[in-house]
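Structural features, examined
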Amino acid sequence: MTANYLYRDVTKVTTNTLQRMHNEGEKIAMLTAYDYSTAKLLDMAKIDVILVGDSAANVMAGYKTTLPITLDDMIYHASSVVRAVDRALVVVDLPFGTYQGNSKEALHSAIRIMKESGADAVKLEGGVEVKESIDRILSAGIPVMGHLGLTPQSINKFGTYSVRATDPREAEKILADAKVLEQCGCFAIVLEKIPALFAKEVSESISIPTIGIGAGPHVSGQVLVFHDMMGITQQFSPRYLRRYHNLSEEIINAIGHYIHDVKNLDFPSEKEQY
Ligand code: KIV
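Here goes a summary of the coordinates provided. Along each chain, the written sequence defines residue order, and numbers are assigned to residues from 1. Local features are withheld for residues below a pLDDT of 70 in this predicted model, meaning they are given only at 70 or higher, and side-chain atom pairs are given and counted only at 80 or more; totals for whole chains, interfaces and linings count all residues. With hydrogens and water excluded, all non-hydrogen atoms of the structure serve as input to the side-chain values.

Structural notes on the overall build of the protein
This is how it is decided: Only DSSP runs of H or I reaching four residues or more are called helices, and only runs of E reaching two or more are called strands; each is numbered from the N terminus. In this setup the radius of gyration rests on C-alpha atoms only. A globule is expected at 2.2 Å times the number of residues raised to 0.38. Burial classification: accessible surface area is computed with a 1.4 Å probe over protein chains only, and a residue below 20% of its type maximum counts as buried, one above 50% as exposed, and the rest as partly exposed. The Shrake-Rupley method, run with a 1.4 Å probe, gives the accessible areas here. Residue values count only the displayed protein chains as cover. Only four residue types enter the charge count, namely Lys and Arg as positive and Asp and Glu as negative; His and the chain termini do not. Here the site of a charge means atom NZ of a Lys, CZ of an Arg, CG of an Asp or CD of a Glu.
Helix and strand content of the protein: 11 helices and 8 strands. Relative to the 2.2 N^0.38 estimate, which gives 19 Å for 274 residues, the radius of gyration of the protein is 20 Å and therefore close to what a compact globule would have. Along the first, second and third principal axes, the C-alpha set of the protein runs to 65 × 45 × 35 Å. Scored against the burial criterion, the 274 residues of the protein give a buried share of 49%. Here the protein has roughly 14200 Å² of accessible surface; of this, 54% comes from carbon and sulfur atoms. The positive charge centre, built from 27 side chains, and the negative charge centre, built from 33, are 3 Å apart in the protein.

Here you go:
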């Protein structure tokens, strides 16, 4: 596949760019997108990384957890995003059940994402238990982003979405896992919902970038779910979430306005017809 950016005046963000930003102390900004139009806006705004997260299961499909989303679903979302993007690094989540416990299947899943969507990298959840899968994916030349702390694909094991690593043994495992992911060759690690000082300790113990969500400021960058930070989703308000807009209110008002205009024969006007 030929990358669009080769024909435009755009410097594509790569995994090397992220490492350089981290080394130079420039924070990395990452947001989710699952469709062409949103990804276009994020890329125009010069976001560094677009994550085609398996949070699409919640935000786009209305599932209660991320578990039901399939590899085909993720490829559909990822290819829509890739078609919109010239600059940002596009990272795609490997969905639940496509990489755990079978490194050959993990490689097959990652190759399908890269080949069928044109994305730049994959992300997967977990530490030492998925090391073999990560090794195999990396050996095929596919960049891997790790994900530690609250790992939503393991919600049935945790039983709750509460803050992780408050128990010293869990914190010890996350720290050890971060070192394993770095040694494997992951290019960055998402740290989700862990205490800020612990995220600092993890970040200082490795040399690759860490991207936090609910992990405080002592990380190399931040990620939020686009629909949450824009106030499109309503029910979800964890402490870490800053809402930059109240889009749901604006959209509902605009729709109300449209309904009013249609019912009162105010739309279309003379100028809006042929
Ligand atoms: O799926 C997702 O959106 C994520 C982010 C919350 C990091 O994994």
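Topic: the state of the cysteines
Disulfide: a covalent bond connecting the sulfur atoms of a pair of cysteines. Definition in use: Any pair of cysteine sulfurs within 2.5 Å is marked as a disulfide.
In the structure shown here, the tally under the stated rule is 0 disulfides. Sulfur of Cys184: no disulfide; nearest cysteine sulfur belongs to Cys186 and is 5.7 Å away.

Let's talk about the packing of helix H8 (residues 168-184) against helix H9 (residues 196-205)
So the rule is basically this: Axis definition: a line fitted to C-alpha atoms, over the contacting stretch in the case of helices. Angles run 0 to 180 degrees between N-to-C directions. Each angle is binned into one of four classes, with values under 35 degrees roughly parallel, values over 145 roughly antiparallel, values of 65 to 115 roughly perpendicular, and all other values oblique. Crossings are assigned a handedness: left-handed for a near helix turned anticlockwise from the far helix by less than a right angle, right-handed for a clockwise turn. Two residues form a contact once any of their heavy atoms are found within 4.5 Å. The nonpolar class holds Ala, Val, Leu, Ile, Met, Phe, Trp, Tyr, Cys and Pro. Asp, Glu, Lys and Arg form the charged class, and all remaining residues, Gly among them, are polar.
Following both chains from N to C, one finds H8 and H9 inclined at 30°, their axes separated by 10 Å at the closest point. Judged on the interaxial angle alone, H9 and H8 are roughly parallel. Considering how the two elements wind past one another, H8 and H9 form a crossing that is right-handed. Touching Ala171, Ile174, Leu175, Ala178, Lys179 and Glu182 of H8 are Phe198, Glu201, Val202 and Ser205, all from H9. Split by residue class, the contact of H8 with H9 holds 6 nonpolar, 1 polar and 3 charged.

Overview of the side chain of Ser55
Position of Ser55 among the secondary structure elements: in the loop between strand S2 (49-52) and helix H3 (56-59). Residues contacting Ser55, with those up to four places away along its chain left out, are Thr32, Tyr34, Met60, Thr66 and Val225.

So, helix H6 (residues 131-139)
Residues spaced three or four apart along an α-helix point in a common direction, a consequence of the helix completing one turn every 3.6 residues. Rules: In this description, the arc belongs to the directions extending from the helix axis to the C-beta atoms.
Among the residues of H6, Ser133, Ile134 and Ile137 are the ones counted as buried. Within H6, the buried residues cover an arc of 100° as seen down the axis, which keeps them to one side. Seen from the buried face of H6, the exposed residues on the opposite side, beyond 90 degrees, are Glu132 and Ser139. In this structure, the buried side of H6 is in contact with helix H5 (103-117), strand S4 (121-123), strand S5 (144-149) and H8.

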